[in-house]
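# Summary of the model geometry
Chain by chain, the residues:
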Amino acid sequence: MRTRSSAKRSAHVITLGCAKNLVDSEILMGQLRANNFEVSHEGDAEEAPVVIINTCGFIESAKQESIDTILQFAQAKQDGRVGRVYVTGCLSERYKEDLSRDIPEVDAYFGTRELPALLKTLNADYKRELLGERLLTTPRHFAYLKIAEGCDRPCAFCAIPLMRGKHRSTPMEELVKQAEGLAAQGVVELILIAQDLTYYGLDLYKERKLAELIRRLSDVSGLRWIRLHYAFPTGFPMDVLDVMAERENVCNYLDMPLQHATDHVLKAMRRGTTRAKTTALIAEIRKRMPGIALRTTLICGFPGETLQDQQELLEWVAEMRFDRLGCFTYSHEEDTHAYALKDDVPEAEKRRRMDEVMALQAGISEELNMAKVGQVFSVLFDKFEDGVFVGRTQHDSPDVDNEVRVETGEQEHIRLGDFAQVRITAASEFDLTGELA
Ligand code: SF4
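Small disclaimer: the values here were computed from a predicted structure and weren't measured. (Residues numbered from 1 in each chain as written. Predicted model: local features only at pLDDT ≥ 70, side-chain atom pairs only at ≥ 80, totals over all residues. Heavy atoms only, no water.)

## Observations concerning the overall build of the protein
If you tally the helices and strands in the protein, you get twelve helices and 18 strands. The C-alpha radius of gyration of the protein comes to 22 Å, within 12% of the 22 Å expected for a compact globule of 437 residues. Relative to its full complement of 437 residues, the protein shows a buried share of 53%. Excluding contacts between residues fewer than 6 apart, the proportion of contacts in the protein whose partners are at least 24 apart in sequence is 74%. Accessible area of the protein: about 19000 Å², with a carbon and sulfur share of 51%. Placing the 55 positive and 70 negative side-chain charges of the protein at their respective mean positions leaves the two points 6 Å apart. (Helix = DSSP H or I, 4+ residues; strand = E, 2+ residues; numbered from the N terminus. Rg over C-alpha atoms; globule rule 2.2 N^0.38 Å. Buried < 20%, exposed > 50% of the residue type's maximum accessible area, 1.4 Å probe, protein only. Contact = heavy atoms within 4.5 Å. Areas by Shrake-Rupley, 256 points an atom, 1.4 Å probe, with all protein chains shown as cover. Lys, Arg positive; Asp, Glu negative; His and termini not counted. Charge placed at Lys NZ, Arg CZ, Asp CG, Glu CD.)

Printed below as a string of structure tokens:
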């Protein structure tokens, strides 16, 4: 009979891709720790008995980064610096056979729903009682809460449903319990994520339950900021705005990837909406939530996108004046609906269009930031770097949005993870500078 040795074993986990993948790594590490593993995350792991790479398979550049990382550790194993290498996550879910054939040095490949099998291979038990418990990798004052997995949307360019499956909401009681656990650990900012946040509940409760979930989470003591990411425009549950208006600790912030603005391209992308409907939705959100910070994501170079589409997109971005905007070039992903279309916009032209959108946005962002000079904001401090404290307002999500940089005097003290009132003294495109108010 195989026994579990009491000696501490160690494993190093590497996460690629999005915050949803990060939560999966945190859950994996929570399970490993409960099985007497010493676990480390990110950073230099050139020497480790076990390395687990949690991959991303979203678009070409992300896939390439995952493959390069796998090859790097396959080589480290060849050189005897790493004992065993395991691969999991989206790329592995999507290309397991190809990867096993092309990079056989890897000990085993796992899909996105094979945590128990991965643990078994490491001679560890999957501890169901730990459901939702995880080893946080974010600074201890904020954490992501993944409220659902998978997606039922038909977006033509997207491979995520191929890797993450159908939409599955996590039961509300479990999420509230997770949030209470995180708040008890000192988390004050909870960032709600999913492939499509607004679909929450439709599978489990046969109705949209995001508003009710936010209200329940907002009741969890200790949570000062609740932030919403990945809202889908079509069928957006307007009752969410009621909760945002009602609850002080729900950030006046919304991330809603919109992907494009011309009816021609939105139709080809199978987004189920139009420019007029999207514009009306944004106007309604801004009317009901004055001062809300809206973040969006756009794709340039979708098959069939014309120069006229690009021009219309630029006019729309200038009109909408988003607070935060990210932009990708279209990636021709096999097995997606769009793969049947001709990828007719050359890569260089896709990048030119993306740069055009981002240059326009940089100007808008600077104007919006300049308007904040002289105002006082509550800032949550994340880090201290180059002699400066760096934090965010409720209008800024970690890693993707603006930062507020504050230099302190001799007598002034800021603790990371704390809030402080900051008067903005200067602004640039993507950052603010301030002083303690
Ligand atoms: S909503 Fe669309 S883009 Fe987002 S994960 Fe689902 S299919 Fe992909």
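## What about the side chain of Thr55?
Mapped onto the elements, Thr55 comes out in strand S3 (residues 48–55). Reaching out from Thr55, the side chain makes a polar contact with the backbone nitrogen of Leu91 at a distance of 3.2 Å. Other than its neighbours up to four places away in sequence, Thr55 contacts Leu16, Asn21, Ser66, Ile70, Val87, Thr88, Gly89, Cys90, Leu91 and Ser92. (Polar contact = N/O pair within 3.5 Å; in protein donor to acceptor, adjacent residues only side chain to side chain.)

## Quick word on the nonpolar core
Membership of the largest hydrophobic core comes to 55 residues, with the highest contact counts inside it found for Ile147, Leu190, Leu192, Leu217, Leu254 and Trp316. Top element by residues in this core is helix H6 (residues 172–184). It accounts for six residues. Once you skip the residues sitting within four places of it in the chain, Trp316 turns out to touch Leu258, Ala261, Arg275, Thr278, Thr279, Ile282, Leu298 and Phe322. Within the second largest apolar cluster, 21 residues are counted, among which are Ile59, Ala62, Val82 and Tyr109. (Core = buried A, V, L, I, M, F, W, Y, C linked by side-chain atoms within 4.5 Å.)

## Regarding the sheet that holds strand S6 (residues 142–146)
Read across the open sheet, the six strands follow the order S6-S9-S10-S11-S12-S13; overall the sheet is parallel. Looking at strand neighbours, the two that pair on one side only are S6 and strand S13 (324–329), the edges of this open sheet. Mean inter-strand twist for the sheet, computed between neighbouring axes without regard to direction, equals 20°. Relative to S13, strand S12 (residues 293–300) runs parallel, the two being bridged by six bridges. Bridge pairing in S13 places Cys300 opposite Thr329. This element, helix H11 (residues 307–320), spans S12 and S13 of the sheet and lies at about 170° to S12. (Pairing = 2+ DSSP bridges. Axes fitted to C-alpha atoms, helices over the stretch in contact; angles between N-to-C directions.)

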